[in-house]
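Below, each chain spelled out in residue letters.
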Amino acid sequence: MPMANVLLVDDEVPFVEAMSRRLKKRDINVLTSFNGFEALGVLEEDRSVEVVILDVKMPGMDGIETLGEIRKKFPLVEVIMLTGHATVETGIEGMKLGAFDYLMKPCDMDVLIDKLKEAVAKKRKHEEKIIEARVKEITTRRA
Amino acid sequence: MKENSSMEPVEHENDGYYHSLRRNILLTIIIVSITPMILVSASILYQFNVSYGEKIEAHLKTLVKKHKQNINSFLKEKSSDIGSLAKTFSFGEMSDESFLKDSLTVLQEEYDPVFVDLGVINSRGVQVAYAGPFNLREAVYSSAEWFRKAMETNKVYVSDVFLGIRGLPHFIVAVKDNWNGEPWILRATTDFARFNDLVENIRIGETGFAFILNREGEFQTKPLHNIIPTKEPYAGFLRNEANLKGKITLIERTDATGIKNIYVAAFLKGGEWLLVYQQRASDAFTDLRNAFKVTLVIILLGSIGIMSMAYVLSKKMVSRIAKMDKEKQMMSSQMVETGKLAAIGELAAGIAHEMNNPVAIMVEESGWIEDLLSEEDLKESENLEEFNRALRQINTQGKRCKEITHKLLSFARKTDSRVQDIQINELLREVASLSEQRAKYSNIVISTSLDENLPYTKVSESELQQVFLNLINNSLDAMEKTGGNINIATQIVNGMDGRDLIIRIEDDGCGIPKANLSKIFDPFFTTKPVGKGTGLGLSICYGIIKKMGGSIEARSVIDGGTTFVVKLPLPKLEKENS
């Protein structure tokens, strides 16, 4: 099992390529897309994605809008915002919409990995709790 | 720190404009105020002149009419006195001198001592009886004009004034009657002085007097001794007798000496005598002349008042307009400056964002190389350490780029002037770090000594940023060639009206000359070369700080440096705690 299943979303193709190579090297399963619409499609197709690394500034549907859609459609998927101009305001806005955290571009790989780990752990714990609740529900029903 | 003046040339350019503006305002006020005053005064004066002239004319005519009636009734009365005496008593009775004397005494006692004497003259012109102070018995009047005229008329005859045998001015009232078919005349001489009084009493003002003329233009009464009447007007009256009959006429004439006189005339004694009243026009119209004088004085004083008021008012108005123009000019320049700053901010934000992405890619790619180098087969390479060093360097520089772009973005973000809670220390650090690069090239060290317990302050971040950037840039400009130190300090002090936040920006540059120190906050004051400085920087700073309720001042010592002290009021402690 990989360390994490990640969807990397950014309109800068070379950035996506370089970062995905580096993440893969760190035992992370990386899917990529280059805009918000595409990312939502990927999430729809592949339910294994645990964390989305999402650029804020993108043409068409921007990061904040995409985040809103993800939270709506895939509430269990965690999102780490990546922004060129990290301001407290954008960070707070992202967090308000349910982002796990935000990082400034260019970001330190170790910091990113740490954040990813935290996000995956949170997600998995969340899922475990859901499973536990369901098992409990089934067991209670049978009894 | 240097600033200089470009304000004076601006003032000089506008001097002509304000001068002509002031002149126009002055003239407008004067014309608008003085013209109605003069028109109203002239119209009132004209009306007054006309009505006063009419009043004087009416008054003089009434006066002459009254005296004409008086004199006519005097003559009539005296004529009937003598007439009734002649009718009552016969020639025989009257020829008795003692009876005649008695009759004279009765007349004088009964009426008035106006009759001087009485005489009875027979048809041959011989005075047969005489009662009076002169010795005129047996006097012969057959050749006297009055005797001839009296004999010709059937009525009472009143002669002109003449000297006669007695050598004194007098006139005669003669009544013709018949006795035994022979005509005889009862004659009475009137006291000239008494008659003269009737006319002489007509005195108005200083120069008004009256007199009587006969048809030949000879004086029948004595005119005023100090006035020599000009004959011409009387001759004119006499010539126009037909037109003047029964009327009282007034004319104005200027005599040979240039004096304007008023003449009012009326015929007496059935057109034989002319009663003339004469007065100098200047005397008759004294009140009018006084009114003219008063009006002139009022107009003069009013004009002086209006002119001084116009002078003061125009001066005040123009100085206010000039002040407003200057404020307007400053405001528009300030808006241009603010607009420029916003445009620079936007540009910086665009560049920063565009630069950030390639930097991020570079950093990621260098990271990727780092990852690859860590693979086992390359571990043996002798240059591995050098590769790692180079990659670390790329990473470090990438982070530096990130910092620069983030600073630029943070600067651009603050171009709106909304008031919000800000930490002034943070703002000062940002401003200092923005200026650090420039300072480094000029060999200037920027240091901070900030009070870490500053509360959040409600101000416009962009405006305050503009103020501090401006102050630091001024210091940098002043020490660009020499290098030096800039210290930024914050401190809370307890003032009279509560707590204040003091921000000091201190340099050790060349200082500001004393003469310039008082002008540095004036708009358009600059010591920078033409085209380099607008002279608005410090004036805008001053405006911003004043708007925030604070103050800004400069302290400077030549070659000792300059300190700008910004004081901002802090909210009261009780308020803050609550």
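None of the values given here were measured: they were computed from a predicted structure.

Cut-offs and rules
Residues numbered from 1 in each chain as written. Chains lettered and ligands numbered in written order. Predicted model: local features only at pLDDT ≥ 70, side-chain atom pairs only at ≥ 80, totals over all residues. Helix = DSSP H or I, 4+ residues; strand = E, 2+ residues; numbered from the N terminus. Buried ≥ 20, exposed ≤ 12 C-beta atoms within 10 Å, placed from the backbone. Contact = placed C-beta atoms within 7 Å. Nonpolar A, V, L, I, M, F, W, Y, C, P; charged D, E, K, R; others polar. Pairing = 2+ DSSP bridges. Axes fitted to C-alpha atoms, helices over the stretch in contact; angles between N-to-C directions. Core = buried A, V, L, I, M, F, W, Y, C linked by C-beta atoms within 7 Å. Domains from an automatic or database assignment. Left-handed = near helix turned anticlockwise from the far one by under 90°.

## Regarding the overall build of chain A
Then step 1. A tally of helices and strands in chain A yields 5 helices and 5 strands.
Then step 2. When the helices and strands of chain A are placed in sequence order, the string is β-α-β-α-β-α-β-α-β-α.
Then step 3. Looking at chain A as a whole, 40% of its 143 residues qualify as buried.
Then step 4. Counting contacts in chain A only where the partners sit at least 6 residues apart, residues at least 24 apart contribute 60% of the total.

## Some details on the overall build of chain B
Then step 1. Looking only at helices and strands, chain B has 15 helices and 16 strands in total.
Then step 2. Burial analysis of chain B (578 residues in total) assigns 30% to the buried set.
Then step 3. Contacts in chain B between residues at least 24 apart in sequence constitute 65% of all its contacts with a sequence separation of at least 6.

## Structural notes on the interface of chain B and chain A
Then step 1. At the junction of the two partners, chain B supplies 17 residues and chain A supplies 16 residues.
Then step 2. Elements represented by at least two residues in the side of chain B that touches chain A include exactly α9 (286-373) and α10 (384-413) of chain B.
Then step 3. For the side of chain B that touches chain A, the class distribution of residues is 7 nonpolar, 5 polar and 5 charged.

## A word on the sheet that holds strand β11 (residues 444-449) of chain B
Residue and element names in this part refer to chain B.
Then step 1. A sheet is described by the order of its strands in space; here 5 strands give the open sequence β11-β13-β14-β16-β15, paired in mixed fashion. Across the chains shown, the open sheet's two edge strands, defined by having one partner strand only, are β11 and β15 (551-557). Across the sheet, the mean angle separating the axes of adjacent strands is 15° when strand polarity is ignored.
Then step 2. In this structure, strand β13 (residues 484-495) lies alongside strand β14 (residues 498-507), joined through 10 bridges in antiparallel fashion. Residue pairing for β14: Thr490 is matched across the bridge by Ile503.
Then step 3. Here helix α11 (residues 424-441) sits on the sheet and contacts β11, β13 and β14; the angle it forms with β11, its principal contact strand, is near 170°.

## A look at the pairing of β13 of chain B
Residue and element names in this part refer to chain B.
Then step 1. Examined bridge by bridge, β11 and β13 share 6 bridges and lie parallel to one another. Each bridged residue has a counterpart across the sheet, and for Thr448 the counterpart in β13 is Ile488.
Then step 2. Where β13 hands over to β14, the hairpin turn is made up of 2 residues, counted between the paired strands.

## Digging into the environment of Ile422 of chain B
All names here are of chain B.
Then step 1. One can find Ile422 in strand β10 (residues 419-422).
Then step 2. According to the C-beta neighbour criterion, Ile422 is partly exposed, with 17 such atoms within 10 Å.
Then step 3. Once the C-alpha coordinates of Ile422 and Pro455 are considered, the two residues, 33 residues apart in sequence, prove to be 8.6 Å apart.
Then step 4. Beyond its immediate sequence surroundings of up to four residues, Ile422 is in contact with Leu427, Tyr456, Thr457, Val459 and Glu461.

## Thoughts on the nonpolar core
Then step 1. Core analysis: the biggest nonpolar cluster contains 58 residues, and Leu275 and Val276 of chain B have the highest contact counts within it.
Then step 2. Both of domain 1 (89-194) and domain 2 (202-284) of chain B provide at least three residues apiece to this core.
Then step 3. Among residues more than four places away in sequence, those in contact with Val276 of chain B are Ala210, Phe211, Leu213, Tyr234, Tyr263 and Ala265 of chain B.
Then step 4. With 42 residues, the next largest nonpolar core counts Leu8, Ile53, Leu54 and Val79 of chain A among its residues.

## Considering the packing of helix α12 (residues 461-478) of chain B against helix α14 (residues 537-547) of chain B
Any two packed helices are characterised by how steeply their axes cross, that is the angle between the axes, and by the distance between the axes.
Residues and elements named next belong to chain B.
Then step 1. Between α12 and α14, whose axes approach to 9 Å, the crossing angle comes to 145°. Crossing handedness for the pair α12 and α14: left-handed. The residues of α14 that touch α12, namely those facing Glu463, Gln466, Val467, Asn470, Leu471 and Asn474, are Gly537, Cys541, Ile544 and Ile545.
Then step 2. The residue inventory of the contact of α12 with α14, partitioned by class, reads 5 nonpolar, 4 polar and 1 charged.

## Remarks on the pairing of strand β5 (residues 101-104) of chain A
Residues and elements named next belong to chain A.
Then step 1. What you see with β5 is a clean split: Tyr102 and Met104 sit on the buried side and Asp101 and Leu103 on the side with no burial.
Then step 2. Pairing geometry for strand β4 (residues 78-83) and β5, over 4 bridges, is parallel. The residue bridging Leu82 from the neighbouring strand is Leu103, located in β5.

## Describing the environment of Ser73 of chain B
Residue and element names in this part refer to chain B.
Then step 1. Take Ser73: it is sitting in helix α1 (residues 7-88).
Then step 2. For Ser73, a count of 10 C-beta atoms within 10 Å gives the class exposed.
Then step 3. Sequence separation between Ser73 and Lys269 is 196 residues; the distance between their C-alpha atoms is 9.7 Å.

## Quick look at the environment of Gly498 of chain B
Then step 1. Relative to the elements of secondary structure, Gly498 of chain B occurs in strand β14.
Then step 2. Residues Gly498 of chain B and Pro569 of chain B, 71 residues apart in the sequence, show an inter-C-alpha distance of 7.6 Å.

## Let's talk about the sheet that holds strand β1 (residues 115-121) of chain B
Residues and elements named next belong to chain B.
Then step 1. Across the sheet, 5 strands lie side by side as β2-β1-β5-β4-β3; this open sheet has antiparallel pairing. Looking at the sheet topology across the chains shown, the edges are occupied by β2 (127-131) and β3 (156-158). Ignoring which end each strand starts from, the neighbouring axes of this sheet average 20° apart.
Then step 2. Strand direction decides the pairing type here: strand β4 (residues 171-179) and strand β5 (residues 182-190), joined by 9 bridges, are antiparallel. Looking at β5, one finds that Phe171 is bridged to Thr190.
Then step 3. Sitting on the sheet, helix α4 (residues 145-152) touches β1, β3, β4 and β5, and the angle it makes with β4 is about 45°.

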